[in-house]
Amino acid sequence: MQRRKFLTSAGAGLAAGAAAIPTLTQAQTAALPTIKWRLASSFPKSLDTIFGAAEVISKRVAAGTGGKFQIQVFAAGEIVPAFSTVDAVQNGTVECTHTAPYYFFGKDPTFAFACAIPFGMNARQQNAWMYHGGGMALMRDFFKDYNIVNFPAGNTGAQMGGWFRKEIKTVADLKGLKFRVGGFAGRVLSKLGVVPQQIPGGDIYPALEKGTIDAAEWVGPYDDEKLGFFKVAKYYYYPGWWEGGPELDLFVNMKQWEALPPEYKSILESACAEANVDMLAKYDSLNPAALKRLAGNGVQLRPFSRDIMNACFKAANEVYEEESAKNPKFKKVYDAWKAFRDDQILWFRVAEQNFDSYMATAGSSSKPTTPAKAAPAKK
Ligand code: CA
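What you see is a predicted model, and the numbers here were worked out from it, not measured in a lab. (Residues numbered from 1 in each chain as written. Predicted model: local features only at pLDDT ≥ 70, side-chain atom pairs only at ≥ 80, totals over all residues. Heavy atoms only, no water.)

## Comments concerning a nonpolar patch on the surface
A surface patch of nonpolar side chains, amounting to about 220 Å² of accessible area, comprises Tyr-238, Leu-291 and Leu-301. Structurally, Leu-291 is set in helix H11 (residues 262–296). (Patch = residues over 30% accessible without salt bridge, like charges linked within 9 Å, V, L, I, M, F, W, Y side chains within 5 Å. Areas by Shrake-Rupley, 256 points an atom, 1.4 Å probe, with all protein chains shown as cover. Salt bridge = Lys/Arg side-chain N within 4 Å of Asp/Glu carboxyl O. Helix = DSSP H or I, 4+ residues; strand = E, 2+ residues; numbered from the N terminus.)

Shown next as structure tokens:
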């Protein structure tokens, strides 16, 4: 009875994020094994948002199991380099990694669907696809070949387009640009002459400062301010059309996952769902003040022009067609993903987008004005 109660609350926890994380009683934990895992993060410790999600998972799992299931978190490079964590999980060097799956698009671009592909879905839509739209089943089937079980465990929301030393006014301005850009977007941008660079978060600033690269994108105002990009590039572009709602994942070695008692599996799954909600909430709450501070430091905000967006959109669709023609795994996920995304756009255009657009306009017209300016007193 006790056990059934616990499993019910675990299911509720997955659906409601932070609302109902299960916890074992002392009597329950006494019978369960002590397990110690190592988690290799792809992120630097300085970023409390994106690195912090792994700590959210670790703390929740320890608290929920009376300390019997411990996951020790290591920053990028401490035990595994940022872009090698999938290999480390696949071959069992570590039990799990917290990472951005699109870093591994070089193995197979299909990895990126568990994170973001250019002109993909926003955070809400990505969650809808993974939790209730068939995305989880498709991705779990794909990751089997890498001995990996995947769990959504964080999202940044729509990202910024990055930091540029010079203004990017036309599509031609992209030609020859050495641009640090995450994941699959590099392949799309290279069609337009960009020379994409994959550089881990902690190593971007020195490359931009030295001029090894001309431009760099990371996440958004809060992280980007911490990494200091505004000191060496003043044009801050938006949106990061390659990352409308990138998901971060916990990748667990399949054998290690299968060896867990069902109670630990349930708690770990719920902890990942909590991290998924928590990271997005943290970014959304911290970004506005960071954006104001950056503007106060002389940062120049610039939208990518419609022409640039259109050229990138066209290039992205060409890349997807090319990849689908030669990669059956990619095609299988892409076809289902695209149908889901198109339906999401249809739905979001009706209520969500109209509400957001109205609020954006109403918000900007309701700035406080002094009574004297608003209505000069009559004599
Ligand atoms: Ca990024």
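## A few points about the coordination of the calcium ion
The textbook angles at a metal center are 109.5 degrees for a tetrahedron of four donors and 90 or 180 degrees for an octahedron of six. Here the calcium ion is held by the protein donor atoms Gln-159 (OE1), Glu-217 (OE), Glu-217 (OE), Trp-218 (O) and Glu-243 (OE), which lie 2.2 to 2.9 Å from it. Mapped onto the sequence, the donors of the calcium ion take the spacing Q-x57-E-W-x24-E. Of this pair, Glu-217 sits in the loop between strand E8 (215–216) and helix H9 (221–227) while Glu-243 sits in the loop between strand E9 (235–238) and strand E10 (247–253), placing them 26 residues apart in sequence. Among the residues examined, Glu-217 registers a relative accessible area of 0% and is labelled buried. (Donors = N, O, S within 2.8 Å, 3.2 Å for Na, K, Ca; no water. Buried < 20%, exposed > 50% of the residue type's maximum accessible area, 1.4 Å probe, protein only.)

## Topic: the sheet that holds strand E2 (residues 69–74)
One open sheet accounts for 5 strands, arranged E2-E1-E3-E10-E4; its pairing is mixed. Across the chains shown, the open sheet's two edge strands, defined by having one partner strand only, are E2 and strand E4 (148–155). For this sheet the average axis-to-axis angle between neighbouring strands, irrespective of direction, equals 25°. The pairing of strand E1 (residues 35–41) with strand E3 (residues 96–99) spans 3 bridges and is parallel. In the sheet register, Ser-41 faces E3, and the bridge partner there is His-98. In the packing of helix H6 (residues 135–143) onto the sheet, the strands contacted are E4 and E10, and the crossing angle to E4 comes to about 130°. (Pairing = 2+ DSSP bridges. Axes fitted to C-alpha atoms, helices over the stretch in contact; angles between N-to-C directions. Contact = heavy atoms within 4.5 Å.)

## Examining the state of the cysteines
Throughout the structure, instances matching the rule amount to 0 disulfides. No disulfide involves Cys-272; its sulfur sits 8.4 Å from that of Cys-96, the nearest cysteine. On the basis of relative accessible area, Cys-272 is assigned to the buried category, the value being 1%. (Disulfide = S-S within 2.5 Å.)

## Digging into the packing of aromatic side chains
Within this structure, the stated rule accounts for 36 aromatic pairs. Here the aromatic rings of Phe-111 and Phe-142 are separated by 5.4 Å at their centres, their planes lie at 90°, and the arrangement is edge-to-face. Taken together, the residues Phe-111 in the loop between E3 and helix H5 (123–132) and Phe-142 in helix H6 connect sequence positions 31 residues apart. The pair Phe-111 / Phe-142 is uniform in exposure class, with both members buried. Considering the side-chain rings of Phe-164 and Tyr-237, the 5.2 Å spacing of their centres and the 75° angle between planes classify their relative orientation as edge-to-face. (Phe/Tyr/Trp six-rings, centres within 6.5 Å; stacked < 30°, edge-to-face > 60°.)

## Concerning the packing of H5 against H6
Packed helices, taken two at a time, are described by their axes: the angle between them and the distance between them. Axis separation between H5 and H6 bottoms out at 4 Å; the angle between their running directions is 70°. What the angle tells us is that H5 and H6 run roughly perpendicular. Side by side, H5 and H6 meet where Trp-129, Met-130 and Tyr-131 of the first sit next to Gly-135, Met-136, Leu-138 and Met-139 of the second. When its residues are assigned to classes, the contact of H5 with H6 shows 6 nonpolar, 1 polar and no charged. (Parallel < 35°, antiparallel > 145°, perpendicular 65-115°, else oblique. Nonpolar A, V, L, I, M, F, W, Y, C, P; charged D, E, K, R; others polar.)

## Some remarks on the nonpolar core
The biggest cluster of nonpolar side chains holds 113 residues, and the ones touching the most others in it are Trp-129, Trp-218, Leu-250 and Leu-268. If you tally residues by element for this core, the top one is H11, at 9 residues. (Core = buried A, V, L, I, M, F, W, Y, C linked by side-chain atoms within 4.5 Å.)

## Regarding unusual backbone geometry
Note the cis peptide between Tyr-238 and Pro-239, where omega equals -10°. On the secondary structure map, Pro-239 appears in the loop between E9 and E10. Positive phi, close to 60°, is recorded for Phe-119, a residue that is not glycine. Residue position: Phe-119 is located in the loop between E3 and H5.

By themselves these figures say nothing about function.
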